[in-house]
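# Residue-level structure breakdown
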Amino acid sequence: MKRIIVFFAVIVQMVFLSCCVEKQGYYNSGEESIIALICDITWTGGKKEYEDGSSWESIWNFDKDGTYTRTNVEIDKDGNKKEGEIRGRWSFYTPNFSTLYFGGSHYWDIKELDKTIFSFYDRTGELNDPLMSKEYVEFYPYNEEKD
């Protein structure tokens, strides 16, 4: 029985690891262009301002090594600033570089990507799964305001 469980665990890991597209070698110019647009620009969904004068913003930096940093910046109504950082891993899920994969069942299906916009469907779950959820999101290049 123990061998069956170990065998099943190995099979599950092999299937899971084969789902991600990890390319060995060089990228063509189209692939390099997509990687540069994602990684060479700091992205944000924009600052959310609330009625009480507080604000919140999420700032994303993607690295070519497959890691990212998301910095959440919160400013309370008195102007006090708090920052929190989340680090994670990402990879391309599809051979045509149209979907980012963050682990588990979290994906971004890219709709538009250029120097001015990064729009995608933030998806949790597999395609065609009735329990899948997705939300349309737009990011723009982050420009830090000078105080």
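Residues numbered from 1 in each chain as written. Predicted model: local features only at pLDDT ≥ 70, side-chain atom pairs only at ≥ 80, totals over all residues. Heavy atoms only, no water.

By the naming in an unreviewed UniProt entry, the protein chain is Lipoprotein, taken from Phocaeicola vulgatus.

### A closer look at the nonpolar core
The test is simple: Put simply, a nonpolar core is a bunch of buried Ala, Val, Leu, Ile, Met, Phe, Trp, Tyr and Cys residues held in one set by side-chain atoms that sit within 4.5 Å of each other. Remark: exposure states derive from per-residue accessible area (1.4 Å probe, protein chains only) relative to the maximum for the residue type, with buried under 20%, exposed over 50%, and partly exposed in between. To qualify as a helix, a DSSP run of H or I must reach at least 4 residues; to qualify as a strand, a run of E must reach at least 2; elements of each kind are numbered from the N terminus. When checking whether two residues touch, look at their non-hydrogen atoms; a contact exists if any pair is within 4.5 Å.
Within the largest apolar cluster, 20 residues are counted, with the highest numbers of intra-cluster contacts made by Ile38, Phe62, Trp90, Leu100, Trp108 and Phe118. Residue assignment for this core shows that the elements contributing at least two residues are helix 2 (29-39), strand 3 (55-62), strand 7 (99-103), strand 8 (106-113), strand 9 (118-124) and strand 10 (133-141). It is helix 2 that provides the largest number of residues to this core, a total of four residues. Leaving out residues up to four positions away in the same chain, Phe118 has contacts with Ile38, Trp43, Phe62, Leu100, Trp108, Ile110, Glu112, Leu113, Val137, Glu138 and Phe139.

### What to know about the packing of aromatic side chains
How we decide: The rule is short: rings of Phe, Tyr and Trp, with Trp giving its six-membered ring, pair when the centres are within 6.5 Å, and they are stacked under 30 degrees, edge-to-face over 60, tilted in between. Only when the NZ atom of a Lys or the CZ atom of an Arg is both within 6 Å of the ring centre and within 35 degrees of the ring normal do we say a charge sits over the ring.
Counted under the stated rule, the structure contains 24 aromatic pairs. Ring geometry for Phe62 and Trp90: centres 5.7 Å apart, planes at 90°, overall edge-to-face. Here Phe62, found in strand 3, pairs with Trp90, found in the loop between strand 5 (81-89) and strand 6 (91-92); they are 28 residues apart in sequence, far enough to count as distant. We note that Phe62, like Trp90, is buried. The ring of Tyr107 carries the charged tip of Arg123 above its face, separated from the ring centre by 4.2 Å. The ring of Tyr121 carries Lys134 above its face, with NZ or CZ at 4.7 Å from the centroid.

### Points about the side chain of Ser55
Inspection of the secondary structure puts Ser55 in strand 3. Ignoring any residue separated from it by four or fewer positions in sequence, one finds Ser55 in contact with Lys47, Lys48, Glu49, Tyr50, Val73, Glu74 and Ile75.

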